[in-house]
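Structure assessment
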Amino acid sequence: MVTDEYGRGPVPHAQVRVDLAAIRDNVAELSVRVGRAEVMMVVKADAYGHGLVPAARAAQAGGATWLGTAVLAEALTLRAAGVTGRLMAWLSSPGERWADALAADVDVSASAPWAVAEIAAAARDTGRVARLHLKVDTGLGRSGVPVSGWPELVDTALKAQAEGLVEVVGLWSHLACADEPEHPANDSQLAVFLEAVAQARRHGARPEVVHLANSAATLTMPDSHLDLVRVGLAAYGLSPMPAVVSPADVGLRPAMSVRARLALVKRVPAGHGVSYGHLYVTDRESTLGLVPLGYADGVPRHGSGGSAGPGAPVLVAGVTRRIAGRVCMDQFVVDLRDDDVSAGDEVVLFGDPAAGEPSAQDWAEACGTISYEIVTRFAPRLPRVYVDAALAEPR
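For the structure given in this document, a descriptive report is provided here. (Residues numbered from 1 in each chain as written. Predicted model: local features only at pLDDT ≥ 70, side-chain atom pairs only at ≥ 80, totals over all residues. Heavy atoms only, no water.)

1. Some remarks on unusual backbone geometry
Worth spelling out the cut-off: Helix and strand assignments come from DSSP, with helices taken as H or I runs of at least 4 residues and strands as E runs of at least 2, each series counted from the N terminus. Relative accessibility thresholds used throughout: buried, under 20% of the residue-type maximum; exposed, over 50%; partly exposed, between the two (1.4 Å probe, protein chains only).
Although it is not a glycine, Leu226 sits at a positive phi angle of roughly 50 degrees. Following the sequence through the fold, Leu226 ends up in the loop between α9 (215-220) and β11 (228-231). In this structure Leu226 comes out as buried when scored by relative accessible area, which is 18%. With phi around 50 degrees, His278 is a residue other than glycine that occupies positive phi space. Within the element layout of this structure, His278 appears in the loop between β14 (273-274) and β15 (280-281).

Below, the structure is given as structure tokens:
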């Protein structure tokens with residue numbers, strides 16, 4: 001199956017290839033690791049760039065009983081595509097489309113009393129009971145009500161529940177340092193969260209699920225699994241803590257690869273400048289290969305090579321090379337030395353290291369970022385080509 005928002009068929013020069021069986025199998029492996037806890041597959045940001053609906057269905061085939069998005073629009077897209085099952089959206093602002101969420105049976109979240117009030121009003125207007133999760137800030141300092149405001153938030157929600165407008169189905173928080181398993185903040189946040197849950201129960205809350213663990217905690221903090229784990233990066237076959245554990249160490253394999261075909265190959269003399277600013281200059285007569293992908297497609301400009309840094313790795317003709325010179329809007333160059341290559345030959349930016357390909361983590365390290373950013377940034381003008389595409393079909 002090929003998706004292409006910019007044309008009627010596959011783009012011949014490049015593609016993002018997604019192995020849906022890898023997503024299914026990764027979720028199944030993670031499900032085994034968490035025992036009795038349920039698994040929420042986080043499919044925000046277009047499923048980390050893998051494709052919202054296909055990734056969601058593959059995750060459900062692997063045993064995910066929940067799906068999660070940040071913004072409501074993605075949750076509504078899933079429902080419009082016929083994706084069923086428990087679904088939660090958690091990032092909102094005043095004036096959110098609460099009525100649409102309730103009509104689509106999407107669980108919503110509140111981090112402040114104003115959100116409870118808006119959700120209750122939508123429930124009153126639509127005649128539908130809202131499934132509500134309450135979020136407490138246990139130390140991340142991002143969303144979630146401060147611990148000092150937790151009793152008020154819980155009481156506000158329970159009052160709306162008593163009126164038949166909402167049902168408090170979840171209590172949750174998010175970890176700040178789970179990718180550093182020895183960081184003291186992990187145990188501290190878990191303790192704060194468990195006390196917040198106990199306090200909510202004393203006030204009368206009877207949630208279906210309490211949840212805290214992200215991918216890193218799923219792999220290294222079994223005490224945090226509770227009723228539900230929220231797995232994102234790990235389910236796509238990448239490690240949230242590559243210095244601690246590799247995907248292969250825990251039975252995961254990457255689902256995404258980015259591939260292109262050389263658009264041009266040419267021989268140039270020694271001392272030839274390459275791309276804007278001549279950050280890279282050939283040190284000998286050499287073959288340059290033009291790869292028709294650039295920062296408009298999602299290739300980080302920080303992957304430039306030469307005086308700007310080592311350059312991100314690419315695999316061409318079985319040899320790993322580095323980007324030579326500045327990454328441009330639509331293209332970059334690789335110095336192929338004396339390799340026997342031709343226009344049309346395949347270039348693998350990243351994929352499965354078990355197949356000898358550079359990894360998304362290799363790109364992250366070359367670009368001074370994290371693998372989350374690498375996989376999520378590739379643009380819609382690159383078609384997604386799905387392997388085991390039957391997993392993307394409605395069940």
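From this point, the narrative continues.
2. A short note on the packing of aromatic side chains
To keep it simple, the criterion reads: The aromatic pairing rule takes the rings of Phe, Tyr and Trp, using the six-membered ring of Trp, and pairs them if the centres are within 6.5 Å, calling planes under 30 degrees apart stacked, those over 60 edge-to-face and the rest tilted. By definition, being over a ring means that NZ of Lys or CZ of Arg is both within 6 Å of the ring centre and within 35 degrees of the ring normal.
All chains considered together, the criterion is met by five aromatic pairs. Measuring from ring centre to ring centre gives 6.3 Å for Tyr48 and Tyr372, while their planes differ by 40 degrees; the resulting arrangement is tilted. Placement of Tyr48 in helix α2 (residues 44-48) and of Tyr372 in helix α11 (residues 371-376) is noted, with a sequence separation of 324 residues between them. One aromatic cluster is present, formed by Tyr48, Tyr236 and Tyr372 through successive ring pairs. Sitting above the plane of the Trp172 ring, Lys135 keeps its charged end 4.3 Å from the centroid.

3. Quick notes on the packing of helix α6 (residues 113-126) against helix α7 (residues 150-162)
Helix packing geometry: the angle between the two helix axes and the distance between the axes. Put simply, the test is: A fitted line through C-alpha atoms serves as each axis, taken over the contacting stretch for helices, and the angle formed by two N-to-C directions is quoted from 0 to 180°. Relative orientations are named as follows: roughly parallel for angles under 35 degrees, roughly antiparallel for angles over 145 degrees, roughly perpendicular for angles from 65 to 115 degrees, and oblique for any other angle. By definition in these notes, contact holds between two residues if any of their heavy atoms fall within 4.5 Å. All residues other than Ala, Val, Leu, Ile, Met, Phe, Trp, Tyr, Cys, Pro, Asp, Glu, Lys and Arg, Gly among them, are scored as polar; the first ten of these are nonpolar and the last four charged.
In the contact formed by α6 and α7, the axes pass within 9 Å of each other and the chain directions differ by 10 degrees. The pairing of α6 with α7 is recorded here as roughly parallel in orientation. Residues Pro113, Val116 and Ala120 of α6 lie in contact with α7, whose contacting residues are Glu152, Leu153, Thr156, Ala157 and Ala160. Grouping the constituent residues of the contact of α6 with α7 by class yields six nonpolar, one polar and one charged.

4. Notes on the environment of Gly63
Relative to the helices and strands, Gly63 is located in the loop between α3 (52-61) and β4 (66-69). On the basis of relative accessible area, Gly63 is assigned to the partly exposed category, the value being 37%. Considering only alpha carbons, one finds Gly63 and Val27, 36 residues apart in sequence, at a separation of 6.6 Å. When near neighbours in sequence (up to four residues on either side) are disregarded, Gly63 contacts Val27 and Ser31.

5. Notes on helix α4 (residues 72-80)
Restricting attention to buried positions, one finds in α4 the residues Leu72, Glu74, Ala75, Leu76, Leu78 and Arg79. The positive-phi residue at the C-terminal boundary of α4 is Gly82, with phi of around 90 degrees.

6. Considering the pairing of strand β2 (residues 14-19)
Defined as follows: Should DSSP find at least two bridges between two strands, the strands are taken to pair.
Among the six residues that make up β2, five are buried, leaving the element largely enclosed by the rest of the structure. One ladder, built from five bridges, connects β2 with strand β12 (residues 256-261); its direction is antiparallel. By the bridge assignment, Val18 is partnered in β12 with Met256.

7. Overview of the pairing of strand β3 (residues 38-42)
Judged by how many residues are buried, β3 sits mostly within the fold: four of five residues are covered. Summarising the sheet, β3 and β11 pair through four bridges and their orientation is parallel. Pairing of Met41 across the sheet is with Val231, part of β11. When β3 meets β4, the two strands line up parallel, connected through three bridges. Across the sheet, residue Val42 finds its bridge partner in β4, namely Gly68.

8. Here's the deal with the nonpolar core
Inclusion rule: The term nonpolar core refers to a set of buried residues drawn from Ala, Val, Leu, Ile, Met, Phe, Trp, Tyr and Cys, joined through side-chain atoms within 4.5 Å.
Core analysis: the biggest nonpolar cluster contains 128 residues, and Ile23, Leu134 and Leu349 have the highest contact counts within it. Those residues within four positions of Leu134 in sequence are excluded, and the remaining contacts are Ala110, Val116, Trp150, Leu153, Val154, Ala157, Val168, Gly170, Leu171 and Trp172. Counting six residues, the second largest nonpolar core, distinct from the first, contains Val274, Tyr280, Leu288 and Ala324.

9. Regarding the environment of Pro254
Here Pro254 lies in the loop between β11 and β12. Residue class for Pro254 comes out buried when judged on its relative accessible area of 15%. With 21 residues separating them in the primary sequence, Pro254 and Leu233 have C-alpha atoms 9.7 Å apart. Excluding anything up to four places from it in sequence, Pro254 contacts Ala22, Tyr236, Gly237, Leu238, Gly351, Asp352 and Pro353.

10. Points about the pattern of salt bridges
For clarity, the cut-off: Counted as salt bridges are all cases of a side-chain nitrogen of Lys or Arg within 4 Å of a carboxyl oxygen of Asp or Glu.
A complete count under the given rule lists 21 salt bridges for this structure. Between Glu163 and Arg124 there is a salt bridge, with the nearest N and O atoms lying 3.4 Å from each other. Here Glu163 is found in the loop between α7 and β9 (166-172), whereas its partner Arg124 is found in helix α6, with 39 residues between them in sequence. Glu163 gets classed as partly exposed once you look at its relative accessible area, which sits at 45%. The structure contains a network of salt bridges with shared partners spanning Asp19, Arg24, Asp25 and Arg253.

11. Comments concerning the packing of helix α1 (residues 20-33) against α3
Our working rule: We call a crossing left-handed when the near helix sits turned anticlockwise from the far one by less than a right angle, and right-handed when that turn is clockwise.
At a minimum axis separation of 7 Å, α1 and α3 run at an interaxial angle of 40 degrees. One way to sum up the angle between α1 and α3 is to call them oblique. Every pair of crossing elements has a handedness; the one defined by α1 and α3 is right-handed. Where α1 abuts α3, its residues Leu20, Ile23, Arg24 and Val27 lie against Pro54, Ala55, Ala58, Ala59 and Ala61. Its residues assigned to classes, the contact of α1 with α3 comprises eight nonpolar, no polar and one charged.

12. Things to note about the state of the cysteines
Put simply, the rule reads: The rule for a disulfide is simple: a pair of cysteine sulfur atoms within 2.5 Å.
What the rule picks out here adds up to zero disulfides. Free of any disulfide, Cys328 has its nearest neighbouring cysteine sulfur in Cys367, separated by 15 Å. Residue classification places Cys367 among the buried residues on the basis of a relative accessible area of 10%.

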